[in-house]
Amino acid sequence: MTQPGIPMSSPDLTAADRQAVMDVLNTPFLSMGQHTPAFEQAFCDLTGAKHAVAVNSGTAGLHLCVRAAGIGPGDLVITTPFSFVASSNVLLFENAVPVFVDIDPRTGNIDVEMLADAVAHADKYLPRTLNGAAGPLKAILPVDVFGQPADMDPVNAAARSRGLKVIEDSCEALGGTYKGRQAGTLGDFGVFAFYPNKQITTGEGGVVITDDREAADLMRALRNQGRAPGDTWLSHTHLGYNYRLDEMSAALGRAQMSRLDELLSKREQVAAWYESRLAEIPGVEAPWVAPSTTRMSWFVYVIRFDPALDRDLIARQLEARGVPVRPYFLPIHLQPYMVARFGWREGDFPVTEDLGRRGLALPFSGVMREDQVEAVCQAVRAVVSGA
Ligand SMILES: Cc1ncc(COP(=O)(O)O)c(C=O)c1O
């Protein structure tokens with residue numbers, strides 16, 4: 001039986017959201033207008049952060065954090081290989097070195113005991129190709145995987161012990177909370193992203209939040225071709241980028257942010273429908289929510305199969321039944337350009353690799369209906385029972 005029409009993900013857009021974009025198109029102000037600062041203010045209001053800087057992707061936001069944290073060639077930054085590649089790529093953009101630490105098998109977030117060891121003995125965790133020749137340890141870049149905040153109290157304690165900056169990659173966790181505190185506010189910098197599968201979307205877009213005024217000023221200049229306050233259109237104090245968010249995206253983002261709680265609640269409902277059905281399927285594990293996660297910001301819905309089951313075969317059979325699925329994540333350290341540059345091998349980060357082999361994202365969005373969740377779960381049950 002096929003299930004036509006169940007998409008992997010869908011944005012949740014209302015007529016008012018669409019109208020917000022149309023209204024911008026009826027003005028001459030398609031960039032650098034009033035919507036971008038108002039969109040930024042929505043993030044200060046949500047999180048209590050002093051500054052928010054809107055950019056045109058989460059990757060751009062993470063890159064600006066790397067620049068603002070003063071991370072440069074040869075510097076070491078501790079992060080995890082179980083993430084979307086951008087969280088490590090932004091380090092490579094500045095010729096810094098990702099020092100990988102493996103993850104907690106329950107959440108997919110950084111293993112805080114291993115992190116403490118890596119902060120004390122970074123030399124033990126260096127990539128082979130450095131041959132022990134390393135620069136200073138500068139920062140920790142934890143990732144809030146699948147919408148669940150990392151265990152940030154021990155991350156911050158480890159960072160404080162060595163004067164390290166903390167860049168929280170909250171690209172998957174907008175609105176999630178950790179011990180009652182908003183994701184993204186838990187380090188020196190937090191970054192959100194708004195690709196169409198995210199909790200809110202602007203098409204493409206991102207926001208950085210920080211309490212550091214000097215860093216925020218620098219990031220505003222860097223996103224705008226390096227123009228500092230007082231620079232003219234053609235004078236540039238810094239080497240910068242065009243990381244500006246356009247006004248159509250910012251207007252859509254404002255409309256979406258005004259519905260954030262509703263958007264997150266709808267995703268919570270879909271996750272609950274999945275959880276109750278999946279509990280009855282042997283060999284399938286639903287996502288685990290840590291006690292420190294006081295609100296999960298459901299981003300993707302990734303299940304895990306018993307090691308005896310063949311995830312890739314199951315994925316092919318689900319696709320054949322019209323259920324789109326995606327392995328999540330393919331480990332960063334085993335991506336070809338990472339292997340070529342740093343010499344990582346299979347076996348280097350066993351927990352990341354194990355979850356990478358057993359995890360499968362099911363169709364998920366806030367507009368998914370209960371009968372669609374039921375159809376996906378029936379397909380999973382049928383395929384797994386035949387496996
Ligand atoms: C963990 C993580 N970091 C960074 C990014 C990059 O965001 P963007 O795709 O907006 O550049 C994403 C988005 O998929 C992500 O999931």
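Here the structure is shown first, and the text comes after it.
Read on for an overview of the structure. Numbering of residues begins from 1 in every chain and follows the order in which that chain's sequence is written. Owing to the predicted nature of the model, reporting of local features is limited to residues with pLDDT of at least 70; listing and counting of side-chain atom pairs is limited to 80 or more, with chain, interface and lining totals taken over all residues. Excluding hydrogens and water, the side-chain figures rest on all heavy atoms present in the structure.

**Section: the overall build of the protein chain**
We apply this condition: Only DSSP runs of H or I covering at least 4 residues are called helices, and only runs of E covering at least 2 are called strands; the numbering of each starts at the N terminus. The globule rule used here is 2.2 Å times the number of residues to the 0.38 power, and the radius of gyration it is set against is calculated over C-alpha atoms. Using a 1.4 Å probe on the protein chains alone, a residue whose accessible area is under 20% of its type maximum counts as buried, one over 50% counts as exposed, and one in between counts as partly exposed. The charge count includes Lys and Arg as positive and Asp and Glu as negative, but it does not include His or the ends of the chains. The atoms used to mark charge sites are NZ of Lys, CZ of Arg, CG of Asp and CD of Glu.
The helix and strand tally for the protein chain stands at 13 helices and 14 strands. The C-alpha radius of gyration of the protein chain comes to 21 Å, within 12% of the 21 Å expected for a compact globule of 387 residues. Viewed in the frame of its principal axes, the protein chain has a C-alpha envelope of about 65 × 60 × 35 Å. Counting all 387 residues of the protein chain, 57% fall into the buried class. Charged side chains of the protein chain number 35 positive and 45 negative; the gap between the two group centres comes to 2 Å.

**Comments concerning the site of the ligand**
We apply this condition: Only a single heavy atom is needed: when it lies within 4 Å of a molecule or strand, its residue is near that molecule or strand. Polar contacts, as used here, are pairs of N or O atoms within 3.5 Å; protein pairs need one atom able to donate a hydrogen and one able to accept it. Residues neighboring in sequence count only if both atoms are side-chain atoms. To be clear on the numbers: accessible area is Shrake-Rupley with a 1.4 Å probe, and residue cover counts the displayed protein chains and nothing else. Each residue gets one label: Ala, Val, Leu, Ile, Met, Phe, Trp, Tyr, Cys and Pro are nonpolar, Asp, Glu, Lys and Arg are charged, and the others, such as Gly, are polar.
Around the ligand, the surrounding shell holds 14 residues, and the nearest of these are Gly 58, Thr 59, Asp 169, Glu 172 and Lys 198. Within the contact set of the ligand, a nitrogen atom lies 2.7 Å away from a side-chain nitrogen or oxygen of Asp 169. Within the side chain of Glu 172, one N or O atom sits 2.6 Å away from an oxygen atom of the ligand. Alone, the ligand offers 380 Å² of accessible surface; in the complex the protein occludes 91% of this. The greatest single-element share of the shell around the ligand, amounting to three residues, is contributed by helix α3 (residues 58-68). Counted by class, the shell around the ligand contains six nonpolar, five polar and three charged residues.

**A look at the pattern of salt bridges**
Our working definition: Whenever Lys or Arg places a side-chain nitrogen within 4 Å of a carboxyl oxygen from Asp or Glu, that contact is recorded as a salt bridge.
Applying the stated criterion across every chain yields a total of 24 salt bridges. For Glu 374, the salt bridge goes to Arg 277, with nearest N and O atoms at 2.5 Å. Taken together, the positions of Glu 374 in helix α13 (residues 370-386) and Arg 277 in helix α9 (residues 260-278) put the pair 97 residues apart, joining distant regions of the chain. The class for Glu 374 is partly exposed, based on a relative accessible area of 26%. A residue is classified by how much of its surface remains accessible, and Arg 277, at 15% relative accessible area, is buried. Residues participating in the shared-partner salt-bridge network are Asp 12, Asp 17, Arg 259, Glu 262 and Lys 266.

**Overview of the sheet that holds strand β12 (residues 301-305)**
Selection rule: Strand pairing is assigned whenever DSSP identifies at least 2 bridges connecting the two strands.
Taking strand neighbours across the sheet as the criterion, the four strands line up as β10-β12-β14-β13 in an open arrangement whose pairing is antiparallel. Looking along the sheet, the strands with just one partner apiece sit at the ends: β10 (284-285) and β13 (326-327). Here four bridges tie β12 to strand β14 (residues 359-362), and the two strands are oriented antiparallel to one another. Residue pairing for β14: Tyr 301 is matched across the bridge by Leu 362.

**Quick look at the sheet that holds strand β8 (residues 189-193)**
The cut-off we apply is this: Note on method: axes are straight lines fitted to C-alpha atoms, helices fitted across the in-contact stretch only, with angles between N-to-C directions ranging 0 to 180 degrees. Residue contacts are defined here by distance: any two heavy atoms, one from each residue, within 4.5 Å place the two residues in contact.
On the basis of which strands lie adjacent, the open sheet formed by seven strands has the order β1-β9-β8-β5-β4-β2-β3 and mixed pairing. What marks the edges here is a single partner per strand, and that holds for β1 (51-55) and β3 (97-100). Each strand of the sheet is rotated relative to its neighbour by a mean of 25°, with strand direction disregarded. Direction of pairing for strand β4 (residues 137-141) relative to strand β5 (residues 165-169): parallel, over a ladder of two bridges. Its bridge partner lying in β5, Ile 140 is registered against Val 166. In the packing of helix α5 (residues 112-120) onto the sheet, contacts are made with β2 (76-79) and β4, and the angle to β4 comes to roughly 165°. With respect to the sheet, helix α7 (residues 213-223) is in contact with β1, β8 and β9 (206-210), its orientation differing from that of β1 by roughly 15°.

**Notes on the nonpolar core**
Put simply, the test is: Nine residue types can take part in a nonpolar core, namely buried Ala, Val, Leu, Ile, Met, Phe, Trp, Tyr and Cys, and a core is a set of them joined through side-chain atoms within 4.5 Å.
Counting 40 residues, the largest nonpolar core has Ile 71, Phe 146, Ile 167, Phe 189 and Tyr 328 as the members making the most contacts within it. Among the elements of the structure, β1, α3, α4 (86-93), β4, β8 and α7 are those that each provide at least two residues to this core. Ranked by residues supplied to this core, first place goes to α3 with five residues. Setting aside residues up to four positions removed in sequence, Ile 167 forms contacts with Leu 62, Cys 65, Val 66, Ala 69, Ile 71, Ile 140, Leu 141, Pro 142 and Phe 189.

**A closer look at the pairing of β2**
Note the cut-off: A clockwise course of the path from the first strand over the helix to the second, judged with the strands pointing away from the viewer, identifies a crossover as right-handed.
Of the two faces of β2, the one holding Leu 76 and Ile 78 and the one holding Val 77 and Thr 79 are both buried throughout. Strand direction decides the pairing type here: β2 and β3, joined by four bridges, are parallel. The residue of β3 that forms the bridge with Thr 79 is Phe 100. After leaving β2, the chain enters α4 and then returns to the sheet as β3, a path that is right-handed.

**Some remarks on the pairing of β12**
Among the five residues that make up β12, five are buried, leaving the element largely enclosed by the rest of the structure. Examined bridge by bridge, β10 and β12 share two bridges and lie antiparallel to one another. Across the sheet, residue Val 284 finds its bridge partner in β12, namely Phe 305.

**What about the packing of aromatic side chains?**
Short version of the rule: Note on aromatic pairs: the rings of Phe, Tyr and Trp (six-membered ring only in Trp) are paired at centre separations within 6.5 Å, and the planes decide the class, stacked below 30 degrees, edge-to-face beyond 60, tilted for the rest.
Across all of its chains, the model carries 16 aromatic pairs by this definition. Here Phe 39 and Phe 194 contribute two aromatic rings whose centre-to-centre distance is 5.6 Å and whose plane-to-plane angle is 65°, an arrangement assigned as edge-to-face. You can see Phe 39 sitting in helix α2 (residues 35-47) and its partner Phe 194 sitting in the loop between β8 and β9, a full 155 residues away along the chain. An aromatic cluster is defined as three or more aromatic residues linked by ring pairs; in this entry it consists of Phe 39, Phe 43, Phe 192 and Phe 194.

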